[in-house]
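As a plain string of letters, each chain reads:
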Amino acid sequence: MKKIVLFMAVAALALSGSQAFAAKKQLVIVVKGLDNPFFEAIHQGCLKWNSENTDSEYECFYTGPASTSDEAGEAQILQDILSKPDTAAVAISPSNAPLIANTLKSAAPTIPVMTLDADLTKADVALRKTYLGTDNYLMGQKIGEYIKAAKPTGGTICTIEGNAAADNILQRAQGMRDALTGQKGLAALAGEGGWTEVAGCPVFTNDDGAKGVQAMSDILAANPDLDAFGIMGGWPLFGAPQPYRDLFKPLADRIASNDFAIGAADTIGDEVAIAKEGLVTALVGQRPFEMGYKAPSVMIDLIEGKPVEDPVFTGLDECTKDTVDTCIQK
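These numbers were taken from a predicted model, which means no experiment stands behind them. (Residues numbered from 1 in each chain as written. Predicted model: local features only at pLDDT ≥ 70, side-chain atom pairs only at ≥ 80, totals over all residues. Heavy atoms only, no water.)

Novice: I'd like to hear about the packing of helix H7 (residues 209–222) against helix H9 (residues 241–248), residue by residue, with values.
Specialist: Two numbers describe how H7 lies on H9: the axes approach to 10 Å, and their chain directions differ by 15 degrees. Of the possible angle classes, the one that applies to H7 and H9 is roughly parallel. Of the two elements, H7 crosses H9, and the hand of that crossing is left-handed. Together, Val213, Met216, Ser217 and Leu220 of H7 and Pro243, Tyr244, Leu247 and Phe248 of H9 make up the contact between the two elements. Classifying every residue of the contact of H7 with H9 gives 7 nonpolar, 1 polar and no charged. (Axes fitted to C-alpha atoms, helices over the stretch in contact; angles between N-to-C directions. Helix = DSSP H or I, 4+ residues; strand = E, 2+ residues; numbered from the N terminus. Parallel < 35°, antiparallel > 145°, perpendicular 65-115°, else oblique. Left-handed = near helix turned anticlockwise from the far one by under 90°. Contact = heavy atoms within 4.5 Å. Nonpolar A, V, L, I, M, F, W, Y, C, P; charged D, E, K, R; others polar.)

The following block contains the structure:
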């Protein structure tokens, strides 16, 4: 009898422990797509927070559609997450900012929602509590400054972007144009500051690396005298590193002499190695791990009604061929 009682006590304790674990409130990070190593770095930050906060009543949970190009899938996941009773707060990286805004309007969540990595448009920022991530305008501005330093008299340029409705990418492109021209708010460059965007640009690649490399190949074929690329996300470099190398190795001497300039976002995957090989003028990198690590704490502060700055910026890393060994924040 004692053994039976002891067994039942142990079983009850185990059940109680499992129920406590299952009852953890979810701090959900929803990213644009699980196929992107940038977002996997955010995931790793989320996991580190969990490992350091095992006694917390909250748990960081990472999710998103399988493909970064699946805008509707991200919106559906957000809608599903918001309907779950154990969701305590959400941090989302909107692939299509207007679509995510409409989803939030429809769901009318009573829990805190923040944006991560990418923000909503200015018209919709009241739908979220804060933005955590890169100062995207500053990032684009720095990319533009590197291109301008290489080609101070200007030239022809093509901008490689991701999703046409991704606010973070649009901000970067605007920052680059402003830095190149010294003028604010130009939607396209037609000789301002000596810079002209060639026909067919900007190119929107839906964050697809191979598509980005193919687009640049096509642009170079149509514009053999092109002077620069401004790449607003590192997709061609980290998503298709060997095709990227194959495309730009013949231009290595021009890049080295600043006759041809390439400013690109991010410092993940093969990107820093590519910079060391001299196949990009400069990289301006984000800190996605830091975003994933900080997001749960910010969400908890929002849940508890504590004051949270808006925006909460993470920093930037700047890498050139000469600084690749020391450019990344440790």
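Next, the rest of the story.
Novice: Hey, could you go over the pairing of strand S1 (residues 25–30) for me, with residue numbers and the actual values?
Specialist: Buried residues dominate S1, accounting for 5 of its 6 residues. Alignment of S1 against strand S2 (residues 58–63), held across 6 bridges, turns out to be parallel. Pairing of Gln26 across the sheet is with Glu59, part of S2. Pairing geometry for S1 and strand S3 (residues 87–92), over 5 bridges, is parallel. Residue Leu27 lies in a different strand from S3, and its bridge partner there is Ala89. (Buried < 20%, exposed > 50% of the residue type's maximum accessible area, 1.4 Å probe, protein only. Pairing = 2+ DSSP bridges.)

Novice: Go over helix H4 (residues 97–107), please, and point to the residues and values.
Specialist: Among the residues making up H4, those that are buried are Ala97, Ile100, Ala101, Thr103 and Leu104. Angular distribution of buried residues about the axis of H4 spans 160 degrees; they occupy a single face of the element. As for H4, its buried residues are in contact with helix H3 (71–82), S3, strand S4 (113–116) and helix H6 (167–181). Between the side-chain oxygen of the N-cap and the backbone nitrogen of Leu99 there are 3.1 Å, and the N-cap of H4 in question is Asn96. (Arc of directions from axis to C-beta. Polar contact = N/O pair within 3.5 Å; in protein donor to acceptor, adjacent residues only side chain to side chain.)

Novice: Tell me about the environment of Ile81, and please be specific about residues and values.
Specialist: For Ile81, the location among the structural elements is in helix H3. The class of Ile81 is buried, set by a relative accessible area of 6%. Separated by 116 residues in sequence, Ile81 and Glu197 place their C-alpha atoms 41 Å apart.

Novice: Which residues make up the side chain of Arg128, and what are the values?
Specialist: Summarising the element assignment, Arg128 is placed in the loop between S4 and strand S5 (131–134). Within the structure, the side chain of Arg128 is placed 2.8 Å from the side chain of Asp119, a separation counted as a polar contact.

Novice: Requested: an account of the nonpolar core, with residues and values cited.
Specialist: Formed by 46 residues in total, the largest nonpolar core has its most connected members in Leu27, Ile29, Ile42, Leu116, Ile147 and Met299. In terms of residue count, the dominant contributor to this core is helix H12 (residues 288–303) (6 residues). Counting residues in hydrophobic clusters, the runner-up holds 32 residues, among them Ile160, Ile231, Ile274 and Cys327. (Core = buried A, V, L, I, M, F, W, Y, C linked by side-chain atoms within 4.5 Å.)

Novice: Can you break down the pattern of salt bridges residue by residue, with the values?
Specialist: Scanning the entire structure with this criterion turns up 17 salt bridges. Here Asp310 ties to Arg128 by a salt bridge, and the two come within 2.7 Å at their closest N and O atoms. Taken together, the residues Asp310 in the loop between H12 and strand S12 (312–314) and Arg128 in the loop between S4 and S5 connect sequence positions 182 residues apart. Between Lys306 and Glu304 there is a salt bridge, with the nearest N and O atoms lying 3.2 Å from each other. (Salt bridge = Lys/Arg side-chain N within 4 Å of Asp/Glu carboxyl O.)

Novice: So what's going on with H9? Residues and values would help.
Specialist: Restricting attention to buried positions, one finds in H9 the residues Pro241, Tyr244, Arg245, Leu247 and Phe248. Relative to the axis of H9, the buried residues are bounded by an arc of 165 degrees and lie together on one face.

Novice: I'd like to hear about the sheet that holds S12, residue by residue, with values.
Specialist: One open sheet holds the 6 strands; their spatial order is S2-S1-S3-S4-S5-S12, and the pairing between them is parallel. Every interior strand has two partners, whereas the edge strands, S2 and S12, have only one. Averaged over neighbouring strand pairs, the angle between their axes works out to 20 degrees when direction is ignored. Relative to S1, H12 is tilted by about 135 degrees, and along the sheet it contacts S1, S2, S3, S4, S5 and S12.

Novice: So what's going on with unusual backbone geometry? Residues and values would help.
Specialist: Residues Cys201 and Pro202 are joined by a peptide bond in cis, for which omega reads 5 degrees. Looking at where Pro202 falls in the secondary structure, it is placed in the loop between strand S7 (195–197) and strand S8 (203–204). With an omega dihedral of 5 degrees, the bond running from Asp310 to Pro311 counts as a cis peptide bond. With respect to the secondary-structure elements, Pro311 resides in the loop between H12 and S12. For Asp117, which is not glycine, the phi dihedral falls at a positive 75 degrees. As for its placement among the helices and strands, Asp117 is situated in the loop between S4 and S5. Of note in this structure, Asn258 is not a glycine but carries a positive phi near 65 degrees. Topologically, Asn258 is positioned in the loop between helix H10 (252–256) and strand S10 (261–265). Residue classification places Asn258 among the partly exposed positions, given a relative accessible area of 33%.

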